[in-house]
Amino acid sequence: MLIATTTAIATAAALTTPLAALLTHRALRRAANARLMRITTPNGIDEQHFVRIGGIDQWISIRGEDRANPVLLEIHGGPGAANSPYGARTRSWERHFTLVRWDMRGAGLTFANGGAPAQGPGPATFERLYADALEVTHHVRERLGVDRVVLLASSFGTVFGLRLARNHPELYSAYVGTDQNVLEAGRDTTAYDATLDRLRAAGKTAQAAEIEAMGPDPRRWTSKQRTAYDKLCAGSDPLTLDTVKKVVLGSMWLSPLYSLRTIAAYFKAQAFSETVTPGSHDIDVWADGTTFEIPFFVFQGAQDVITPAARAKAYFDAVDAPRKAFALIEDASHFAALRHPDRFLNLLLTHVHPAVTATPAATA
């Protein structure tokens, strides 16, 4: 998994700092983030607990400063790359939306709550996670007393997101994709070709040969090869690598929700979730259709090397929806919404909020 790419690098850097000083700094920053995360408004909500979904206990957070605000339900990526560490980074979103953050089966705090045995019988699969997502949607609607919610999907979560939005317009008021994945049953090789070019340009001939030997069709890769490709794709791009180190690992290290044990579980969860990917290999979003009955938005990192912006834009251009908008987030690769959360919030307020409410929201 691409997040694991920089773990060794970050660990080596940490070892240059005395352990006591490092842990003291971490404790202070985690305490500050805990204070930042407090919600004290009269009509606010702050619920973070386990809910029985799909026969197991899954972690769900519902947070916002005003229950009257539109509800954003996140579908995170990976598989297994939960969004629970990012509360401090996205705190400003909760002034304008009620943010629902769900750690899927085999991910984040759901996985940490008992490890692999607690994830249910058998391996995690695409179909099972899709069913879980529908059940979470119904739970959130009932808990918050709303008919529909905004579906906010990122990275691999957009594979679920497109199907949810297309199949269940009665449940969702809008679709928002970021790090938008456009699966084409192995036909498109844009990201693969660009990864090869970067490795060759950097003189990393052995790594380039490894990728070349795998071939461009991800349907033919083993789980081990998929992990190797993800690492080389992300690790060969300086902007992506910087984002993983500073945003992803940095958020996890300083999150009030994450102990050292939970951080270790986060990476075990990604390995556990490798079984989900094969279930998406034959998905062709073009064959599935480009007509949506709800507003459709894509906000993509302009320099995304994992899910290239050009592919996302080509699909967006073909979409027929009652309302739609596409925007690039500059100085961003993958994890664009988390690298620039305030820019992403402005896009939500400019495009999404007016589409799901009677009146536009104030700017951030």
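The rules behind the values
- Residues numbered from 1 in each chain as written.
- Predicted model: local features only at pLDDT ≥ 70, side-chain atom pairs only at ≥ 80, totals over all residues.
- Heavy atoms only, no water.
- Core = buried A, V, L, I, M, F, W, Y, C linked by side-chain atoms within 4.5 Å.
- Buried < 20%, exposed > 50% of the residue type's maximum accessible area, 1.4 Å probe, protein only.
- Helix = DSSP H or I, 4+ residues; strand = E, 2+ residues; numbered from the N terminus.
- Contact = heavy atoms within 4.5 Å.
- Polar contact = N/O pair within 3.5 Å; in protein donor to acceptor, adjacent residues only side chain to side chain.
- Pairing = 2+ DSSP bridges.
- Arc of directions from axis to C-beta.

Asker: How do you make sense of the nonpolar core when you look at a structure like this?
Answerer: Across soluble globular proteins, you tend to see nonpolar side chains buried next to one another. The biggest cluster of nonpolar side chains holds 62 residues, and the ones touching the most others in it are Ile-75, Phe-160, Leu-164 and Phe-296. Per-element accounting of this core gives the leading share, 8 residues, to helix 4 (residues 126-144). Of all hydrophobic cores here, the second largest spans 22 residues; its members include Ile-329, Leu-345, Leu-347 and Leu-348.

Asker: Before we go on, may I ask you to explain the environment of Asp-103 in this structure?
Answerer: Positionally, Asp-103 belongs in the loop between strand 4 (98-102) and helix 3 (108-112). Considering only alpha carbons, one finds Asp-103 and Glu-74, 29 residues apart in sequence, at a separation of 9.3 Å. Sequence-distant contacts of Asp-103, that is, excluding residues within four places in its chain, are made with Gln-58, Trp-59, His-76, Ala-82, Asn-83, Ser-84, Gly-108, Leu-109, Thr-110 and Tyr-258. Among the polar contacts made by the side chain of Asp-103, one reaches the side chain of Ser-84 at a distance of 2.7 Å.

Asker: Just to check I follow, could you spell out the pairing of strand 4 for this structure?
Answerer: Working note: regular strand, side chains alternate between the two faces of the sheet. Counted residue by residue, strand 4 has 5 buried out of 5 residues, so it is predominantly covered. With 4 bridges joining them, strand 2 (residues 56-64) and strand 4 adopt antiparallel strand pairing. Across the sheet, Arg-63 pairs through a bridge with Leu-99, a residue of strand 4. Sheet topology places strand 3 (residues 71-75) next to strand 4; 3 bridges connect them, and they run parallel. In the strand pairing of strand 4, Val-71 is matched with Thr-98.

Asker: Explanation requested: helix 7 (residues 205-214) in the structure shown.
Answerer: Three or four residues apart is the spacing at which side chains of an α-helix point the same way, because the helix has 3.6 residues per turn. Along helix 7, the residues classified as buried are Ala-208, Ile-211 and Met-214. One side of helix 7 carries all its buried residues, which in axial view fall inside an arc of 120 degrees. With respect to the buried face of helix 7, the exposed residues turned more than 90 degrees away are Thr-205, Ala-206 and Ala-213. Remark: Gly-215 follows helix 7 within two positions and exhibits a positive phi of approximately 85 degrees.

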